[in-house]
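# Structural description and commentary
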Amino acid sequence: MSTRYAMVVDTRLCVACKACVLACKAENAIPEGYCRDWLVEEVRGEYPNLTAENRSERCNQCSNAPCVSACPTGASHVADGGIVLVTPDKCTGCKACMSACPYDARYVTPDGYVDKCTFCIHRVQRGQEPACVSICPTRTLHFGDLSDPDSTVSRLLRSRPYKVNHPESGADPNVYFLV
Amino acid sequence: MQPVEIDFGRHNPGVDPQLHIWGWEIPAYLFLGGMVAGLMVLTAAVELRGDRPRSWAMQLAPFGALGLISLGMGALFLDLAHKLYVWRFYLAFRPASPMSWGAWILLLVYPALAIQGLGGLDATARGWLTRTFGARAGWALGQADEHRTPVLWATLAVGVSLGVYTGLLLGTVPARLLWNSAALGPLFLASGVSTAAALLLLLPLTDDERHRTAKLDVAAMLAEVVLLGIFLVGLASGGTPQRSAAHALLGGEYTAPFWALVVLLGLATPLALNAAESWLRRPATRLAPLLVLIGGYSLRAIVVAAGQHSSFALLP
């Protein structure tokens, strides 16, 4: 079975410190005012019966990626391990991929091409974890190969209840949230 | 239902708080592209029925359409964020990407319109062309005449493809809940035919041409009314995502401009004016075609804007 990279976010451990956001910006030299990952803090209910959930979100590296289908030039493509990437030299900045993304996870850089989370593929290819995963102080974020039943992500998804964002989009996302 | 408070820590330009990546350029391109599609369909269909263009406006319509599609492509170019890489559209054909289909269809529009236009010219225009450009013009005119019927069918096919594509560019985007409807393709085609007829009606035509074009305009507007109804009913009778998207036009933010500019001003009033002019046997005014043009642009501008604001992230 071929490699299928995924990320698992433990919403029970996340304290919304935003270290993942800063690590990503530093590692990938993200322009000021932009971000590839972000924090969502969701509070439900009425006092005193409140529940809170913190989610570190990013591109879901969908198995059925609508951004890749929408791209007219092939700039958006699926790389090894199922990671969705954008080749800047092929991107016209037409923004078809941005309108197709159910998660609004893409943006146009000041240089004119579209950018998004790459699961830090340059680090993964060196055997390292994505920057956001490696810096997380509460071990909220886990990264690994879903096709390997012994990987951390596979074991976590076997042992804990989880959800994905907007499953109704049909995009088959690969960022999972332990609940 | 529990109250929910969401603090969203993302502020990417063009994306947050709601997607707003496509401004006036895309509606302008869809409007001009739809109008050109309509001109191709109308002029080719009329001639295939045996009526050659008589007035200079009808004869020059295909050449005018070349200018309009170039304007539309100019608007599309202005929208590109990475303009120097525009040539990348023509280094790939991606069957799953409507925009890729559109890029290649636009390339077919130019030769189809040019050859169709040449074959529709009268003796005076042909004489001028031959005197100005010599034997090459004579050869081109001969080719246009020799293959007239296949050229007209090709023009019709390219016109239908272009018109449907302007709608499906939006209709095939599941992430934007308002756009995700197969009805948008035929709806934008019908609207394109209607705006093309309206443009022609603003020009000096022969009485026969005017009468025929006005009838086609009414038929296209009636088709548009039906397709608009199918589009809205399809959304309003769907699940939560579709109903939420339909709300934008049925009580939400875009309700007033949609019903005022598209339905009332762009469809109901021109239809009523046409009916009154026909019933009272009065000569047609230029008001109805003008309103059709306003309605055609408004339809695209409102659908493009409202669609960008309808996403899974904004569902209740």
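Rules used throughout
- Residues numbered from 1 in each chain as written.
- Chains lettered and ligands numbered in written order.
- Predicted model: local features only at pLDDT ≥ 70, side-chain atom pairs only at ≥ 80, totals over all residues.
- Heavy atoms only, no water.
- Contact = heavy atoms within 4.5 Å.
- Buried area = accessible area lost by both parts, 1.4 Å probe.
- Salt bridge = Lys/Arg side-chain N within 4 Å of Asp/Glu carboxyl O.
- Polar contact = N/O pair within 3.5 Å; in protein donor to acceptor, adjacent residues only side chain to side chain.
- Helix = DSSP H or I, 4+ residues; strand = E, 2+ residues; numbered from the N terminus.
- Nonpolar A, V, L, I, M, F, W, Y, C, P; charged D, E, K, R; others polar.
- Pairing = 2+ DSSP bridges.
- Phe/Tyr/Trp six-rings, centres within 6.5 Å; stacked < 30°, edge-to-face > 60°.
- Buried < 20%, exposed > 50% of the residue type's maximum accessible area, 1.4 Å probe, protein only.
- Lys NZ or Arg CZ within 6 Å of the ring centre and 35° of its normal.
- Patch = residues over 30% accessible without salt bridge, like charges linked within 9 Å, V, L, I, M, F, W, Y side chains within 5 Å.
- Areas by Shrake-Rupley, 256 points an atom, 1.4 Å probe, with all protein chains shown as cover.
- pLDDT = per-residue confidence, 0-100.
- Axes fitted to C-alpha atoms, helices over the stretch in contact; angles between N-to-C directions.

### Brief notes about the interface of chain B and chain A
Contacts between chain B and chain A engage 39 residues on the former and 47 residues on the latter. Summing the contributions of chain B and of chain A, the shared interface buries around 3500 Å²; its carbon and sulfur component is 56%. When residues of chain B are sorted by the area they lose upon contact with chain A, Arg10, His82 and Phe312 of chain B head the list and together hold 17% of the total. Across the chain B-chain A interface, the total number found is two salt bridges. On the surface where chain B and chain A come into contact, there are 23 residue pairs in polar contact (both at pLDDT 80 or more). Only strand 1 (4-8) and helix 3 (98-119) of chain B provide two or more residues apiece to the side of chain B that touches chain A. Sort the elements by how many residues they give to the side of chain B that touches chain A and strand 1 of chain B lands first, with five residues. Each residue belonging to the side of chain B that touches chain A can be placed in one class, and the counts come to 23 nonpolar, eight polar and eight charged. Summarising the sheet, strand 2 (residues 38-46) of chain A and strand 1 of chain B pair through five bridges and their orientation is antiparallel. Within strand 1 of chain B, the position partnered with valine 40 of chain A by the bridge is phenylalanine 8 of chain B.

### Examining the environment of valine 160 of chain B
Residues and elements named next belong to chain B. Tracing the backbone through its elements, the reader meets valine 160 in helix 6 (residues 148-171). Distance in space between the C-alpha atoms of valine 160 and alanine 190 is 9.7 Å, their sequence separation being 30 residues. Valine 160 has contacts with Val41 and Leu189, leaving out every residue within four places of it along the chain.

### Comments concerning the packing of aromatic side chains
All told, the structure shown has eleven aromatic pairs over all chains when counted by the stated rule. Taken together, a centroid distance of 5.1 Å and an interplanar angle of 20 degrees make the contact between tyrosine 5 of chain A and phenylalanine 143 of chain A stacked. Of this pair, tyrosine 5 of chain A sits in strand 1 (residues 5-10) while phenylalanine 143 of chain A sits in strand 8 (residues 141-145), and the two are 138 residues apart along the sequence. Relative accessible area serves as the criterion here: at 21%, tyrosine 5 of chain A is assigned to the partly exposed category. Ring centres of tyrosine 85 of chain B and tryptophan 87 of chain B lie 6.2 Å apart, and the angle between their planes is 20 degrees; this geometry places the pair in the stacked category. For tyrosine 85 of chain B, a relative accessible area of 22% puts it in the partly exposed group. Assessed through its relative accessible area of 44%, tryptophan 87 of chain B is described here as partly exposed. Following the ring pairs from residue to residue traces out a cluster consisting of Tyr5, Phe119 and Phe143 of chain A. Over the ring of tryptophan 38 of chain A we find arginine 10 of chain B; its NZ or CZ atom is 4.4 Å from the centre of that ring. Cation over ring: arginine 300 of chain B sits above phenylalanine 188 of chain B, and NZ or CZ is 4.9 Å from the ring centre.

### What to know about the side chain of threonine 92 of chain A
Within the secondary structure, threonine 92 of chain A is located in the loop between strand 5 (84-86) and helix 3 (96-100). In terms of polar contacts, threonine 92 of chain A uses its side chain to reach the backbone amide nitrogen of cysteine 94 of chain A, at 3.4 Å. Excluding residues that lie within four positions of it along the chain, threonine 92 of chain A makes contacts with Thr73 of chain A together with Leu80, Ala81, His82, Lys83, Tyr85, Val86, Arg88 and Phe89 of chain B.

### Topic: a nonpolar patch on the surface
On the surface, a cluster of nonpolar side chains totalling about 390 Å² of accessible area is made up of Phe93, Trp101, Trp104 and Leu107 of chain B. Along the chain, leucine 107 of chain B turns up in helix 3.

### Examining helix 1 (residues 19-28) of chain A
Of the positions making up helix 1 of chain A, those classed as buried are Ala19, Cys20, Val21, Ala23, Cys24 and Asn28 of chain A. As for helix 1 of chain A, its buried residues are in contact with strand 2, strand 3 (49-57), helix 4 (121-124), helix 5 (131-135) and strand 8 of chain A.

### Quick look at the confidence of the model for chain B
Caution is warranted with low-pLDDT regions, since their predicted coordinates should not be read in detail. Overall, the predicted model of chain B reaches an average pLDDT of 93, with 99% of residues at or above 70. Per-element confidence in chain B ranges from a low mean pLDDT of 83 for strand 1 of chain B to a high of 97 for helix 7 (residues 184-201) of chain B.

### Considerations on the sheet that holds strand 3 of chain A
Strand order across the open sheet formed by three strands is 3(A)-2(A)-1(B), with antiparallel pairing between neighbours. Whereas interior strands pair on both sides, the edge strands pair on one side only; in this sheet they are strand 3 of chain A together with strand 1 of chain B. With strand direction ignored, the average angle separating the axes of adjacent strands in the sheet is 15 degrees.

### Comments concerning the environment of methionine 40 of chain B
Residue and element names in this part refer to chain B. Here methionine 40 shows up in helix 1 (residues 25-48). Taking relative accessible area as the criterion, methionine 40 reaches 0% and is therefore assigned buried. Distance from methionine 40 to glutamate 253, taken between C-alpha atoms, is 35 Å for residues 213 residues apart in sequence. Among residues more than four places away in sequence, those in contact with methionine 40 are Val109, Ala112, Leu113, Thr155, Val158 and Gly159.

### Focus: unusual backbone geometry
With an omega of 5 degrees, the peptide bond running from tyrosine 47 of chain A to proline 48 of chain A counts as cis. Here proline 48 of chain A is to be found in the loop between strand 2 and strand 3. The amide bond that connects aspartate 16 of chain B to the next residue, proline 17 of chain B, takes the cis arrangement and shows omega of 0 degrees. Turning to its location among the elements, proline 17 of chain B is positioned in the loop between strand 1 and helix 1. Although it is not a glycine, aspartate 172 of chain A adopts a positive phi angle of roughly 60 degrees. Following the sequence through the fold, aspartate 172 of chain A ends up in the loop between strand 9 (162-163) and strand 10 (175-178). The exposure class assigned to aspartate 172 of chain A is partly exposed, which follows from its relative accessible area of 42%.

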